[in-house]
Amino acid sequence: IDKGQTFVIKGEMSYGFSFELSNARVVDNKVVLFPERSWEYPDENVFNLSTNSSSFLSLGGLTYEEIPKDIYLASDGGSIVGDYGLLMDDNLGYTRTYYGHLYPFYSIDGYEDLKIGVGEKTIVSNIAIESENVWNEVFDEDGNGFSHTFFKIRFISQNSFYVSGSNGLIYKATI
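Reference entry: report on the structure contained in this document. (Residues numbered from 1 in each chain as written. Predicted model: local features only at pLDDT ≥ 70, side-chain atom pairs only at ≥ 80, totals over all residues. Heavy atoms only, no water.)

### Some details on the overall build of the protein chain
Inference 1: Scanning the protein chain for helices and strands turns up 0 helices and 15 strands.
Inference 2: Taken over the C-alpha trace, the protein chain has a radius of gyration of 17 Å; the compact-globule value for 175 residues is 16 Å, and the two agree within 12%.
Inference 3: Reported as C-alpha extents along the three principal axes, the dimensions of the protein chain are approximately 50 × 40 × 30 Å.
Inference 4: Burial status across the protein chain gives 41% buried among its 175 residues.
Inference 5: Contacts spanning at least 24 positions in sequence make up 36% of the contacts within the protein chain whose residues lie at least 6 apart.
Inference 6: Per element, the accessible surface of the protein chain, about 10,200 Å² overall, is 51% carbon and sulfur.
Inference 7: Taken together, the 12 basic and 25 acidic charged side chains of the protein chain have centroids lying 8 Å from each other. (Helix = DSSP H or I, 4+ residues; strand = E, 2+ residues; numbered from the N terminus. Rg over C-alpha atoms; globule rule 2.2 N^0.38 Å. Buried < 20%, exposed > 50% of the residue type's maximum accessible area, 1.4 Å probe, protein only. Contact = heavy atoms within 4.5 Å. Areas by Shrake-Rupley, 256 points an atom, 1.4 Å probe, with all protein chains shown as cover. Lys, Arg positive; Asp, Glu negative; His and termini not counted. Charge placed at Lys NZ, Arg CZ, Asp CG, Glu CD.)

### A few points about the nonpolar core
Inference 1: Counting residues in hydrophobic clusters, the biggest one holds 13 residues, and the most contacted among them are Val32, Ile71, Met88 and Tyr94.
Inference 2: Among the elements of the structure, strand E2 (30-35), strand E5 (68-74) and strand E7 (86-90) are those that each provide at least two residues to this core.
Inference 3: Counting residues in each nonpolar core, the second largest holds 11 residues, with Val118, Phe146, Ile153 and Phe161 among its members. (Core = buried A, V, L, I, M, F, W, Y, C linked by side-chain atoms within 4.5 Å.)

### Some remarks on the side chain of Asn126
Inference 1: Within the secondary structure, Asn126 is located in the loop between strand E11 (122-125) and strand E12 (136-137).
Inference 2: Within the structure, Asn126 has its side chain in polar contact with the backbone oxygen of Asp113 (distance 2.8 Å).
Inference 3: Of the polar contacts made by the side chain of Asn126, one reaches the backbone nitrogen of Lys115; its length is 2.8 Å.
Inference 4: In contact with Asn126, not counting residues within four places along its chain, are Asp113, Leu114, Lys115, Val134 and Trp135. (Polar contact = N/O pair within 3.5 Å; in protein donor to acceptor, adjacent residues only side chain to side chain.)

### Regarding the sheet that holds strand E6 (residues 77-82)
Inference 1: In spatial order, the strands read E5-E6-E7-E8; together these 4 strands make up an open sheet with antiparallel pairing. This sheet does not close on itself; its edge strands, each paired only once, are E5 and strand E8 (94-96). Strand-to-strand, the axes of this sheet are offset by a mean angle of 20°, without reference to chain direction. (Pairing = 2+ DSSP bridges. Axes fitted to C-alpha atoms, helices over the stretch in contact; angles between N-to-C directions.)

### Comments concerning the sheet that holds strand E9 (residues 105-111)
Inference 1: Taken together, the 4 strands give an open sheet; going across it, the order is E9-E10-E11-E12, and neighbouring strands pair in antiparallel fashion. Only two strands of the sheet have a single neighbouring strand rather than two, namely E9 and E12.
Inference 2: As judged from the 4 bridges shared by strand E10 (residues 114-119) and E11, these two strands associate in the antiparallel manner. Bridge pairing links Gly117 to Val124 in E11.

### Quick notes on the pairing of E7
Inference 1: For E7, the buried fraction is high: 4 of the 5 residues fall into the buried class.
Inference 2: Taken together, the 4 bridges between E6 and E7 define a ladder with antiparallel strand orientation. Pairing of Val81 across the sheet is with Leu87, part of E7.
Inference 3: The hairpin turn running from E6 into E7, its antiparallel successor, is 3 residues long, and Tyr84 in that turn takes a positive phi close to 60°.

Take a look at the structure:
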């Protein structure tokens with residue numbers, strides 16, 4: 001109301017012990033904090049900016065290599081990506097659902113139940129392609145893997161998204 005001159009403290013969260021923050025993501029009016037050693041602290045703090053309340057996401061079975069980097073939340077669940085090929089889906093608690101490779105994933109986004117993750121020379125999606133796998137690798141138009149590292153993905157509409165990558169690369173894709 002005062003053109004940004006005053007900041008309002010929305011609330012407070014605490015793990016109750018010291019930890020190094022790896023990264024955070026704001027999604028759907030929620031702030032999700034990921035500690036550097038997520039395998040030791042599998043309950044990730046979530047702060048709801050609409051209700052000014054905190055809660056937890058429970059991540060099961062992380063190893064020390066699997067550090068979460070990004071999260072996509074939807075009304076019917078979500079997905080988390082990270083180091084060492086970490087790709088977890090919310091199936092009554094987040095569990096690893098994809099073991100396609102060990103390259104790190106850096107970003108994930110979606111539109112409703114469609115989700116796409118990007119990372120080190122890879123793009124994966126949950127688009128059904130008559131496969132028994134929930135997640136499937138995306139290849140270039142020649143059927144090859146990618147030579148670029150992709151750092152961010154963001155949907156701009158139901159059928160379009162942007163992917164940014166190494167050396168200033170930006171793709172606009174339409175499904």
